[in-house]
Number of protein chains: 2
Amino acid sequence: METDPLLQLRVFDLNCWAIRYLSKRRQERIGLIGDTLSQEGFDLALLQEVWSESDYGELKQKLAARYPNSHYFKSGVIGSGLCVFSRYPILDTFLYQYSLNGYPYMLQHGDWFCGKAVGLLTIKIRGVNFHVYVTHLHAEYCREKDAYLPHRVVQAWELAQFIQHTSKGADVVLLAGDLNMHPGDVGIRLLRSWTGLRDSFADTERFEGCEDGCTLVPANCFTSKMELQPFPLGIRIDYILYKGLSRFAVKCDNLVTTTGTAPGHSIPYSDHEAVMATLCVKRREEAQGAGAVEPELVDVVNEARTEVRVGLHAAERQRYSNGRMAILALLLLLLQVAMGLSSLASWDSQQPFPKFSFSLLSLLATVVLLVATVLYVFHTIEVRMLQGTEDQMQLVLQALQDKLSSM
Amino acid sequence: METDPLLQLRVFDLNCWAIRYLSKRRQERIGLIGDTLSQEGFDLALLQEVWSESDYGELKQKLAARYPNSHYFKSGVIGSGLCVFSRYPILDTFLYQYSLNGYPYMLQHGDWFCGKAVGLLTIKIRGVNFHVYVTHLHAEYCREKDAYLPHRVVQAWELAQFIQHTSKGADVVLLAGDLNMHPGDVGIRLLRSWTGLRDSFADTERFEGCEDGCTLVPANCFTSKMELQPFPLGIRIDYILYKGLSRFAVKCDNLVTTTGTAPGHSIPYSDHEAVMATLCVKRREEAQGAGAVEPELVDVVNEARTEVRVGLHAAERQRYSNGRMAILALLLLLLQVAMGLSSLASWDSQQPFPKFSFSLLSLLATVVLLVATVLYVFHTIEVRMLQGTEDQMQLVLQALQDKLSSM
């Protein structure tokens, strides 16, 4: 049983696509985002892909009056891209970096350098404890042959576990961000069923915006039309999820997405659409306990575990081939040292020694040895983390099955 | 007001020093640890530095009857070394890897490769929720000129934050491990004052073992006598810390450390002494709320922030010098390409071209360029994480000062 609304919260979520030197019309768009946030007066703005701290600084300056509290989550080589602007004081923050996040040598994808993470901030509004999470998961570059799926599943699992373990003192949990997963994907099912978070698009009373709530749409002039070809309406990968705990209930009164352009302007804020939700928090008359374990949860954890195992096999293969390459390069170098020494020993002999090609070959062998060793170490860490995730999932499955069988 | 004891918990904590090929009499000691744990029947054994999974496997097999539940936390290149054996079912686990943990090129110290982390496990004993944390922080190699102090302070801060954010649903919090900090060090003061954890050595009713509770003592045949020279009694760096939350109170009835050798044997379990605590959990008649903010907490966070800032300056200097080195190597390579091309253009001329020294120089420049670039990226991440920690501490200080001024 619920009582009258205690408070309303207006939340703005956007992947800003603000990569210095690469994103089109970046400064103009950052200006536009700042103007809109100032005028609209949300309670919370949760942004992703604000890669440059000068852009964050510009936003902070512009929004100081309406949103006196803000935080930028620093991580990785170029930052996490995650930042938040709040009308209410931020009491504490905490950052969890995902243990797997692509490969440093995939420079064209660059996710590794971003230090993908989930940021938590705690806020208290009229006595209600909000735990607000903002995140951005690894991108999907090819849906048919998605080499990053195991990493994204591990991230979804770590995100779910992080939320579960850090939200025990919360009255309301709120998660916003670019999850890079379609609504039916295994990662999002895992996240939702494990945490009990509800999807504002599925639950909203009123919706206005792109069909199916899509946030990457062909109508947006910055999206790649080719990538969206299999999805004529676009795809939904940006979410606002929430749940009320114990004595509090949350529902979504109103959800709006932009539709290709920023309202009243000729260009969009970003290549993603913004998601804006009006959430309503009510006090329950009776505290709600933890729900029963759903048998579907066991299935989805099992499905996720299969993906992790697929990733584990791939990582083991990669590690093996890099190890082999490093050993071959080392053998070649040793052989060259032996040849060099023997040629020194017979220095006086008139046999010509091909110094130039010899040293070119050493250069090659050294570079291969260095690179292959670093990659071997990297893939060993990947293997460990995938094994660790599988172990954790196994343990959780055991605990779930025990609970189910005792029901 | 407290009632009769609800339950007693016997906890065993040990840094096992079980590094394959490096630690002396490793297999013998692992056998000994397994035998003792089997015979003694603790409730929880929290171990660190079990680096080899085969050692963990051996312990697991030996302890299956007495401790049917166990978990090994996988991370880093060679694992986290952290594992736990429990009489009670482990309901869930979660791992948090510290964002900073030394340098990969400090091979002689090797901490970077270990993926230092804190592992959390949740256990329910007779209706009481235990959140048990096991960890191992970065080692201190030189107390006078401790280059790793900022990293260890960041780890202590992250450990404290991790415990604070993940223990809201707990009735009892328990932390055991090798913290690599003396009792008065800034990191341990930060950890204790921020989390409210109590030190079993300071609080115990009865103590038996090394003087001052030391866990690295000259009487142990595996410790380095030279390192311990300034501390004739030894040092205390292994801890069992605890707190009761809300309706539960915990106290330490009995604390024991080994004294240089394993009881009844001629050799020690490890180069560290084992710490064994008997904790007593009582139900309070009245739930205890969060305590008031202590002004000392502000001082210790400020002190820690100063250390982080010192680390930040060092990291910035390192990043700068690696960046400069990479640019110089790149310039040298470009110069060589230009020289090579010009020599090709004048191929017919009779001027001799020093191909051998030329290609040796290229080899050197390429290796320097590669290594300096990787190190530049590494130190950039270090700078980001130190800045992020400083920001978090700043935010917490602000919140603490607001609380203090409103008191």
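Quick look at the structure, then. Small disclaimer: the values here were computed from a predicted structure and weren't measured. (Residues numbered from 1 in each chain as written. Chains lettered and ligands numbered in written order. Predicted model: local features only at pLDDT ≥ 70, side-chain atom pairs only at ≥ 80, totals over all residues. Heavy atoms only, no water.)

## Concerning the interface of chain B and chain A
How big an interface is tends to be stated in terms of the accessible area lost upon association of its parts. Just so we agree on the cut-off: Only heavy atoms enter the contact rule, under which two residues are in contact if any of them lie within 4.5 Å. Buried surface area refers to the total accessible area, computed with a probe of radius 1.4 Å, that the two partners give up upon joining, counted for both partners together. Any carboxyl oxygen of Asp or Glu that lies within 4 Å of a side-chain nitrogen of Lys or Arg is treated as forming a salt bridge with it. Nitrogen and oxygen atoms within 3.5 Å of one another constitute a polar contact, given that in protein one can donate a hydrogen and the other can accept it, and given that sequence-neighbouring residues count only through two side-chain atoms. Only DSSP runs of H or I with at least four residues qualify as helices, and only runs of E with at least two residues qualify as strands; both kinds are numbered from the N terminus onward.
With 51 residues of chain B at the contact, the number on the chain A side is 51 residues. Around 4,300 Å² of area is buried between chain B and chain A when both sides are counted, 69% of it from carbon and sulfur atoms. In terms of surface lost to chain A, no three residues of chain B exceed B:Lys74, B:Phe94 and B:His165, which account for 16% of the buried area on that side. A salt bridge links A:Lys74 to B:Asp391, with the shortest nitrogen-to-oxygen separation between them at 2.5 Å. Counting every contact that joins chain B to chain A gives twelve residue pairs in polar contact (both at pLDDT 80 or more). For the side of chain B that touches chain A, the secondary structure elements donating two or more residues are strand 3 (69-72), strand 5 (90-97), strand 6 (117-125), helix 3 (149-166) and helix 7 (355-405) of chain B. Of the residues forming the side of chain B that touches chain A, the biggest block, 21 residues, is contributed by helix 7 of chain B.

## Some points on the sheet that holds strand 8 (residues 172-178) of chain A
All names here are of chain A. Operational definition: Two strands are counted as paired when DSSP detects at least two bridges linking them.
Strand order in this open sheet of six strands is 5-6-7-8-11-9, and the pairing throughout is mixed. Whereas interior strands pair on both sides, the edge strands pair on one side only; in this sheet they are strand 5 (90-97) and strand 9 (198-199). As paired strands, strand 7 (residues 128-136) and strand 8 are joined by seven bridges and run parallel to one another. Within the sheet, the bridge partner assigned to tyrosine 133 lies in strand 8 and is leucine 175.

## Here we look at the pattern of salt bridges
Residue and element names in this part refer to chain A. Which entries qualify depends on this criterion: To sort residues, take the accessible area from a 1.4 Å probe on protein chains only and compare it with the maximum for the residue type: under 20% means buried, over 50% means exposed, and anything in between is partly exposed.
Counting across every chain of the model gives 34 salt bridges over all chains. Across the pair glutamate 28 and arginine 25 runs a salt bridge whose closest N-O atoms are separated by 2.9 Å. The partly exposed category is assigned to glutamate 28, whose relative accessible area is 42%. Residue arginine 25 is classed as partly exposed on the basis of its relative accessible area, which comes to 44%.

## A closer look at the sheet that holds strand 6 of chain B
Residue and element names in this part refer to chain B. To keep it simple, the criterion reads: Note on geometry: axes are lines fitted to C-alpha atoms, helical ones only across the stretch in contact, with angles between N-to-C directions running from 0 to 180 degrees.
Across the sheet, six strands lie side by side as 5-6-7-8-11-9; this open sheet has mixed pairing. Sheet topology places strand 5 and strand 9 (198-199) at the edges, where each strand pairs with a single neighbour. Of the strand pairs in this sheet, strand 6 and strand 7 (residues 128-136) are connected by eight bridges, and their pairing is antiparallel. Opposite glycine 119, over in strand 7, you have valine 134 as the bridge partner. Packing against the sheet, helix 4 (residues 186-195) makes contact with strand 8 (172-178), strand 9 and strand 11 (238-244), and its axis sits at approximately 15 degrees to strand 11.

## Structural notes on the side chain of B:His71
Inspection of the secondary structure assignment puts B:His71 in strand 3. With sequence-adjacent residues up to four places away left out, B:His71 is seen in contact with A:Asp391, A:Leu395, B:Tyr56, B:Leu82, B:Cys83, B:Val84, B:Ile90 and B:Thr93.

## A few points about the relation of the copies chain B and chain A
How we decide: C-alpha atoms of residues with pLDDT of at least 70 in both copies form the basis for the least-squares superposition of the copies.
In screw terms, the move from chain B to chain A is a rotation of 180 degrees and a rise of 0.0 Å along the axis, fitting with an RMSD of 0.1 Å. Accordingly, the operation relating the two chain copies is best matched by a two-fold axis. Of all interface residues in chain B, 100% are interface residues in chain A too; the two copies therefore contact each other through one and the same surface.

## With respect to the packing of aromatic side chains
Selection rule: Between rings of Phe, Tyr and Trp, where Trp is taken as its six-membered ring, a pair exists when centres lie within 6.5 Å; planes separated by under 30 degrees are stacked, by over 60 edge-to-face, and by other angles tilted.
Within the structure shown, the criterion is met by 33 aromatic pairs over all chains. Centroid distance A:Trp157 to A:Trp194: 5.8 Å. Interplanar angle 15 degrees. Geometry classified as stacked. Placement of A:Trp157 in helix 3 (residues 149-166) and of A:Trp194 in helix 4 (residues 186-195) is noted, with a sequence separation of 37 residues between them. Pair check on accessibility: A:Trp157 and A:Trp194 agree, each one buried. Judged by centre distance (5.0 Å) and plane angle (90 degrees), the ring pair of B:Phe201 and B:Phe207 falls under edge-to-face. An aromatic cluster is built from A:Phe94, A:Tyr96, A:Tyr98, A:Tyr133, A:Phe162, B:Phe94, B:Tyr96, B:Tyr98, B:Tyr133 and B:Phe162, whose rings are joined through pairwise contacts.

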